[in-house]
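# Structure assessment
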Amino acid sequence: MKSYSIALIPGDGIGPDVTDAAWQVLSTVASHSGFSLTGTPFPWSCAFYKETGAMMPTDGIEILRRFDAILLGAVGWPAEVPDSVSLHGLLLPIRKAFVQYANIRPHRLLPGVQGPLKTQNFDILCIRENTEGEYSGAGGRVHQGTADEVAIETSIFTRTGIERILRFGFEQARARRRKLASVTKSNAQKYSMVFWDEITRELAAEYADVEVTSYHIDAMAARMVMAPESLDVVVASNLFGDILTDLGAAIQGGLGFAASANINPDRSAPSMFEPVHGSAPDIAHLGIANPIAAIWSGAMMLEHLGEKDAARTVMSALERTTARGIGTAPGRDKTETITAAVLAALD
Ligand code: NAD
Ligand code: IPM
Ligand code: MN
């Protein structure tokens, strides 16, 4: 029997609730599908930081490297640990160390979910560059605390980084509706984003079967609201992709529905699966976090592991659940009610 070892990092706030829900669904589908999943939990979180002074042990990355995949809930508890410490101590180093350069975030409405837009008819795949750009962590502050203080945050874009994320997007577009939107702000950012536009044009010549359009990020934000049905694959830099995918979450009914896969396409290290949302301190401990985004992320993990039938089973269980109106109204159904309905819909 095939067996996969999964590192579980529930994290903070609602992270443990939604990870537990996803794990219940994934273990159940595995037992029906003739493979096994072994989960090893890691308590790395803001609570762990408060106990140990670090978000994960110094050999944390080496520990994770041995797993087939990582399932993560959410990281961050800003009331007690600054986000600049918690995210740079756990989530962001994992994405970078494991070269998970493609962050895939699907935006479409599950049946029975009423989005805020007039149109309900869209199917967007955001591909977010996940290892460099605005998240390079290069910069510093000088003259701190004085009137002359300056903070510099340098975005680093490499040809390798831009080219590989665009190629990944082109390949996804080929498997879908053959349309690719490349997002920059090259009218204002004249080095990195002009560079990105140039590489987009170079690759467009190579992928002549894909219709390519370059958009500015501001216009893309409007388009995702005004004409989301015109979009197929959307490729954006790290920060722009971050922002667009919370917008994508909003048009698909909310953050409780937005799934995400941090993929290492070369498979030289584990990939990581997590919802788009964070730890939601405002609803933590209320038992009302929507687990759908985490369960959908789990389906993306099964797909990545090659368990395509099991991934489809999870997606159709989610669809049957929302089609019955369960989990579709924010805050109405308990996490455990939604999870039980998804489990019951697996067959
Ligand atoms: P958030 O995504 O946690 O919450 C934004 C809003 O969406 C809140 O009103 C929240 O209640 C709601 N929401 C989020 N997930 C939901 C769910 N599953 N069901 C129902 N409602 C949900 O964003 P934030 O408030 O900006 O961030 C909170 C903390 O999480 C911060 O520390 C932030 O840095 C961190 N964060 C972590 C990740 C991650 O680990 N991948 C992602 C985003 C934010
Ligand atoms: C996300 C989150 C993270 C990001 C934060 C928490 C650093 O917002 O996964 O979308 O910006 O990548
Ligand atoms: Mn985000």
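Residues numbered from 1 in each chain as written. Chains lettered and ligands numbered in written order. Predicted model: local features only at pLDDT ≥ 70, side-chain atom pairs only at ≥ 80, totals over all residues.

### Concerning the overall build of the protein
Each helix and strand counted, the protein has twelve helices and twelve strands in total. Whereas a compact globule of 347 residues would reach a radius of gyration of roughly 20 Å, the protein reaches 20 Å, a difference of no more than 12%. Within the protein, buried positions represent 48% of all 347 residues. For the protein, restricting intrachain contacts to residue pairs at least 6 apart in sequence, the fraction spanning at least 24 positions comes to 76%. (Helix = DSSP H or I, 4+ residues; strand = E, 2+ residues; numbered from the N terminus. Rg over C-alpha atoms; globule rule 2.2 N^0.38 Å. Buried ≥ 20, exposed ≤ 12 C-beta atoms within 10 Å, placed from the backbone. Contact = placed C-beta atoms within 7 Å.)

### Remarks on the site of ligand 1
Every one of the 22 residues lining ligand 1 counts as a neighbour, but Gly76, Gly256, His277, Gly278 and Asn290 are closest to it. Looking at side-chain class alone, the shell around ligand 1 contains 13 nonpolar, six polar and three charged residues. (Near = placed C-beta within 6 Å. Nonpolar A, V, L, I, M, F, W, Y, C, P; charged D, E, K, R; others polar.)

### Quick word on the nonpolar core
Within the largest apolar cluster, 99 residues are counted, with the highest numbers of intra-cluster contacts made by Ile70, Val234, Ile295 and Val314. Take this core: its biggest share by element is nine residues, from helix H10 (residues 292–305). Apart from residues lying up to four places away in sequence, Ile70 is in contact with Ala7, Ile9, Leu64, Ile94, Pro270 and Met272. (Core = buried A, V, L, I, M, F, W, Y, C linked by C-beta atoms within 7 Å.)

### What about the UniProt feature "domain: Isopropylmalate dehydrogenase-like" (unreviewed entry) in the protein?
With numbering matched to this structure, UniProt assigns "domain: Isopropylmalate dehydrogenase-like" (unreviewed entry) to residues 5–342. Between the C-alpha atoms that bound residues 5–342 there is a distance of 23 Å. The span itself is 41% helix and 23% strand. (UniProt positions renumbered as here; feature names shortened; annotations may be inferred.)

### Quick look at the pairing of strand S9 (residues 211–216)
Note: strand S8 (residues 179–184) against S9, six bridges, orientation parallel. Bridge pairing in S9 places Thr184 opposite His216. (Pairing = 2+ DSSP bridges.)

### Things to note about the sheet that holds strand S10 (residues 233–236)
What the ten strands build is an open sheet, ordered S2-S1-S3-S12-S11-S4-S5-S10-S8-S9; its pairing is mixed. Each edge of the open sheet carries a strand with a single partner, namely strand S2 (35–41) and S9. For this sheet the average axis-to-axis angle between neighbouring strands, irrespective of direction, equals 25 degrees. Strands in contact with helix H8 (residues 217–226) are S8 and S9; relative to S9, the strand with the most contacts, it is inclined by about 110 degrees. (Axes fitted to C-alpha atoms, helices over the stretch in contact; angles between N-to-C directions.)

### Topic: the pairing of strand S11 (residues 259–263)
Look at any regular strand and the pattern is simple: side chains alternate between the two faces of the sheet. Of all five residues that make up S11, five are buried, and the element is covered over most of its length. Where burial is concerned, the two faces of S11 agree: the one with Ala259, Ala261 and Ile263 and the one with Ser260 and Asn262 are both buried. Here three bridges tie strand S4 (residues 102–108) to S11, and the two strands are oriented antiparallel to one another. Following the sheet pairing, Ile104 is matched in S11 by Ala261. Pairing of S11 with strand S12 (residues 271–275), which is carried by four bridges, proceeds in the antiparallel orientation. Residue pairing in the sheet places Asn262 in a bridge with Met272 of S12.

### A word on the packing of helix H11 (residues 308–323) against helix H12 (residues 335–345)
Where H11 meets H12, the closest approach of the two axes is 8 Å, and the angle between their N-to-C directions is 120 degrees. With respect to H12, the axis of H11 lies oblique. In the crossing of H11 with H12, the sense of the turn from one axis to the other is right-handed. Across from Ala317, Leu318, Arg320 and Thr321 in H11, the residues of H12 making contact are Ile338, Ala341, Val342 and Ala345. Split by residue class, the contact of H11 with H12 holds six nonpolar, one polar and one charged. (Parallel < 35°, antiparallel > 145°, perpendicular 65-115°, else oblique. Left-handed = near helix turned anticlockwise from the far one by under 90°.)

### What to know about unusual backbone geometry
Positive phi is not limited to glycine here, since Arg178 has a value of about 60 degrees. Counting through the fold element by element, Arg178 comes out in the loop between helix H6 (159–174) and S8. Look at Arg178 and you get partly exposed, because 15 C-beta atoms sit within 10 Å. Not every positive phi belongs to a glycine, and His285 is a case in point at roughly 75 degrees. Its location among the elements puts His285 in the loop between S12 and H10.

### Looking at the packing of helix H1 (residues 15–33) against H12
At a minimum axis distance of 10 Å, the contact between H1 and H12 shows a crossing angle of 15 degrees. The pairing of H1 with H12 is recorded here as roughly parallel in orientation. Where H1 crosses over H12, the two elements pack in a sense that is right-handed. On H12, the residues that touch Asp17, Ala21, Gln24, Val25 and Thr28 of H1 are Thr335, Thr339, Val342 and Leu343. A class-by-class count of the residues in the contact of H1 with H12 yields four nonpolar, four polar and one charged.

### Description of the site of ligand 2
Around ligand 2 lies a shell formed by Gly76, Leu87, Leu91, Asp242, Val276 and Gly278. Looking at the shell around ligand 2 residue by residue, the classes come out as three nonpolar, two polar and one charged.

### Things to note about helix H7 (residues 192–206)
With 15 residues, H7 should cover 21 Å at 1.5 Å per step; its first-to-last C-alpha distance of 22 Å lies within 8% of that length. When H7 is considered as a whole, its buried residues turn out to be Ser192, Met193, Trp196 and Thr200. For H7, the angular spread of buried residues about the axis comes to 85 degrees, placing them on one side. H7 presents Val194, Arg201, Glu202 and Ala205 as exposed residues on the side facing more than 90 degrees away from its buried surface. (Expected span 1.5 Å × (residues − 1). Arc of directions from axis to C-beta.)

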